[in-house]
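This is what each chain is made of:
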Amino acid sequence: MKKGIFFIPVNDQNKRNDLLFDEIIAQTLNAEKWNLHEAFFGEHITDKHEKISSSLSMIAALSRLTKKIKLGTLTTNLNFFKPATISAIISQVDNLAKGRLMLGIGSGANKSDVEAVDMLDKNNHKIMLETLGILKEIFYGKNHVDIKTENFKVSTKESLNAKLGLGYFNKLYNQRKDLEIIMPALNKDSYNVKICAENNWSIVISNFCSDSIVDNHINSYLKHSNLTKKDALKKIKLSKLIFVNDDNKSSGKHLTSENSPYLKVVDIIFNKLKTFNKHYCFGDNVSNSKDALKSIAFYGDPERVRSKINYYKSEYGELSSIVYVDVPKTSLPIYDKSLELFANNV
């Protein structure tokens, strides 16, 4: 099973953006140095805790600093853009990254983001899929485009000039046709899982899912996929809050201590989801942040964490990857060494 890293990132509201981005860049370079296979970047445009507002911009910056690690958006909300505009941005980023881009797609998980782009009254999931269909025509078609759908018109027919080279969209790197499409999976019986399975797209199971919901997502993907079980499992990525500590006995105490960045992350997200009555993903009868954290995290020494990961391999087979969720940087080595231990010892 490959290893990856996911930068949500959840930080203090007053954290300076430039310092946060410096930390993310440094940690991504560490991830590549330690041979992690892929890195994902979250995205919200109106969230003081989650400060990456453009995952594509983050990948563009990192594309010149890295050489082999794959770089994924999680997610680019396609319905927030005109298809022609976002296709041009995606093409440029993929060429900067020399084909290492993975495209995570969404329709806006934060209501405040959707309101900000004046789309509260729209069928955003449908528009997202409509936009994706147009992107595929642009990226994989041979000629100029002349597309009309329910909500969009993308055409250069009237101004097309082959001699001057006008009216043609740029393609993906080396005109590749294998851009990986990914969607996140959070709540039980997720529609995202069903639609990804039916289209042979990948899923990233949220790090805020209890064990029972993780099982629900895996079984749902296998149920709706027309691939062999082995190939279907290669489309499933599992993200987890993972705390690796040399001392197995004290790991639980450190995980939930007042100084724990893991507890800080879960406390912010738990209270956010609870406000909107969506906190049940953490498990039945979970009523506070500490219980939520213990319900979803893998923690302990490398051997214990490895055994938790191997449960899914023994239960289902080999998934695509296990994705380590990055937490805020601290001045405490016991937390800041966790990723290195995960990469090299798990």
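Residues numbered from 1 in each chain as written. Predicted model: local features only at pLDDT ≥ 70, side-chain atom pairs only at ≥ 80, totals over all residues. Heavy atoms only, no water.

### Section: the overall build of the protein
Counting its regular elements, the protein contains 14 helices and 13 strands. For a compact globule of 346 residues, the expected C-alpha radius of gyration is about 20 Å, and the protein comes in at 20 Å, within 12% of that figure. Along the first, second and third principal axes, the C-alpha set of the protein runs to 70 × 40 × 40 Å. Looking at the protein residue by residue over its 346 residues, the buried ones come to 53%. Relative to all contacts within the protein whose residues are 6 or more apart in sequence, the contacts with residues 24 or more apart total 72%. For the protein, the accessible area works out to roughly 16400 Å², and carbon and sulfur atoms hold 47% of it. Charge separation in the protein, taken as the distance between the mean sites of 49 positive and 39 negative side-chain charges, equals 4 Å. (Helix = DSSP H or I, 4+ residues; strand = E, 2+ residues; numbered from the N terminus. Rg over C-alpha atoms; globule rule 2.2 N^0.38 Å. Buried < 20%, exposed > 50% of the residue type's maximum accessible area, 1.4 Å probe, protein only. Contact = heavy atoms within 4.5 Å. Areas by Shrake-Rupley, 256 points an atom, 1.4 Å probe, with all protein chains shown as cover. Lys, Arg positive; Asp, Glu negative; His and termini not counted. Charge placed at Lys NZ, Arg CZ, Asp CG, Glu CD.)

### Focus on the nonpolar core
In this structure, F41, I90, I218, L241, Y262, F282 and F342 are the most contacted members of the largest nonpolar core, which totals 105 residues. Ranked by residue count, the leading element in this core is helix α10 (residues 261-275), at 8 residues. Residue contacts for F282: discarding those within four places in its chain leaves F208, S210, V266, I269, F270, L273, A292, S295 and I296. (Core = buried A, V, L, I, M, F, W, Y, C linked by side-chain atoms within 4.5 Å.)

### Some words on the environment of N207
By the element assignment, N207 lies in the loop between β9 (202-205) and α7 (211-224). For N207, a relative accessible area of 2% translates into the label buried. Separated by 59 residues in the primary sequence, N207 and V266 have C-alpha atoms spaced 10.0 Å apart. Apart from residues no more than four positions distant in its own chain, N207 is found in contact with F6, I8, S239, K240, L241, I296 and V325.

### A short note on the state of the cysteines
The final tally for this structure, using the stated rule, is 0 disulfides. The structure places no disulfide on C281, whose sulfur is separated from the nearest cysteine sulfur, that of C209, by 6.0 Å. (Disulfide = S-S within 2.5 Å.)

### Topic: helix α12 (residues 302-315)
The terminal C-alpha atoms of α12 lie 20 Å apart, and with 14 residues this matches the ideal 20 Å at 1.5 Å per residue to within 8%. In α12, a bend of some 30 degrees at I309 exceeds every other bend along the element. Turning to α12, its buried residues are P302, V305, I309 and Y312. Contact partners of the buried residues in α12: α7, β10 (236-240), β11 (242-244), β12 (298-300), β13 (321-325) and α14 (338-345). At the C-terminal side of α12, G317 shows a positive phi close to 125 degrees. (Expected span 1.5 Å × (residues − 1). Bend = angle between axes of the 7 residues up to and from the residue.)

### Focus on the pairing of β10
Within β10, 5 of the 5 residues are buried, which leaves the element mostly enclosed by the surrounding structure. A two-sided burial pattern is seen for β10, the buried positions comprising I236, L238 and K240 on one face and K237 and S239 on the other. In the sheet, β9 pairs with β10 via 3 bridges, with the strands oriented parallel. Paired with V204 across the bridge in β10 is K237. Here 4 bridges tie β10 to β13, and the two strands are oriented parallel to one another. Along β13, the bridge assignment pairs K240 with Y324. (Pairing = 2+ DSSP bridges.)

### Here's the deal with the pattern of salt bridges
Opposite charge on two side chains allows them to pair when their charged atoms are near. Going through the model one piece at a time under the given rule, you end up with 14 salt bridges. Across the salt bridge formed by R16 and D18, the nearest N and O atoms sit 2.7 Å from each other. Judged by relative accessible area, D18 falls into the partly exposed class, the value being 38%. Note that E318 is salt-bridged to K234, the shortest N-O span being 3.3 Å. Here E318, found in the loop between α12 and β13, pairs with K234, found in the loop between α8 (229-233) and β10; they are 84 residues apart in sequence, far enough to count as distant. A relative accessible area of 35% means that K234 is categorised as partly exposed. (Salt bridge = Lys/Arg side-chain N within 4 Å of Asp/Glu carboxyl O.)

### Focus on the packing of helix α2 (residues 55-63) against helix α3 (residues 83-96)
Two numbers describe how α2 lies on α3: the axes approach to 9 Å, and their chain directions differ by 25 degrees. With respect to their mutual orientation, α2 and α3 come out roughly parallel. As α2 packs across α3, the resulting crossing turns out to be left-handed. Along its contact with α2, which presents L56, I59, A60 and S63, the element α3 presents I86, I89, I90, V93 and L96. Of the residues in the contact of α2 with α3, the class split is 8 nonpolar, 1 polar and no charged. (Axes fitted to C-alpha atoms, helices over the stretch in contact; angles between N-to-C directions. Parallel < 35°, antiparallel > 145°, perpendicular 65-115°, else oblique. Left-handed = near helix turned anticlockwise from the far one by under 90°. Nonpolar A, V, L, I, M, F, W, Y, C, P; charged D, E, K, R; others polar.)

### Points about helix α1 (residues 17-33)
Here α1 spans 24 Å end to end across 17 residues, near enough to the 24 Å set by a 1.5 Å rise per residue. Of all the positions in α1, only L20, I24, Q27, T28, A31 and E32 are classed as buried. Projection of α1 onto a plane perpendicular to its axis shows the buried side chains occupying an angular sector of 145 degrees, all on one side. Where the residues of α1 are buried, they touch β1 (2-7), β2 (38-41), α2, β3 (70-73) and α14. The positive-phi residue at the C-terminal boundary of α1 is N35, with phi of around 70 degrees. (Arc of directions from axis to C-beta.)

Read these as spatial facts, not as claims about activity.
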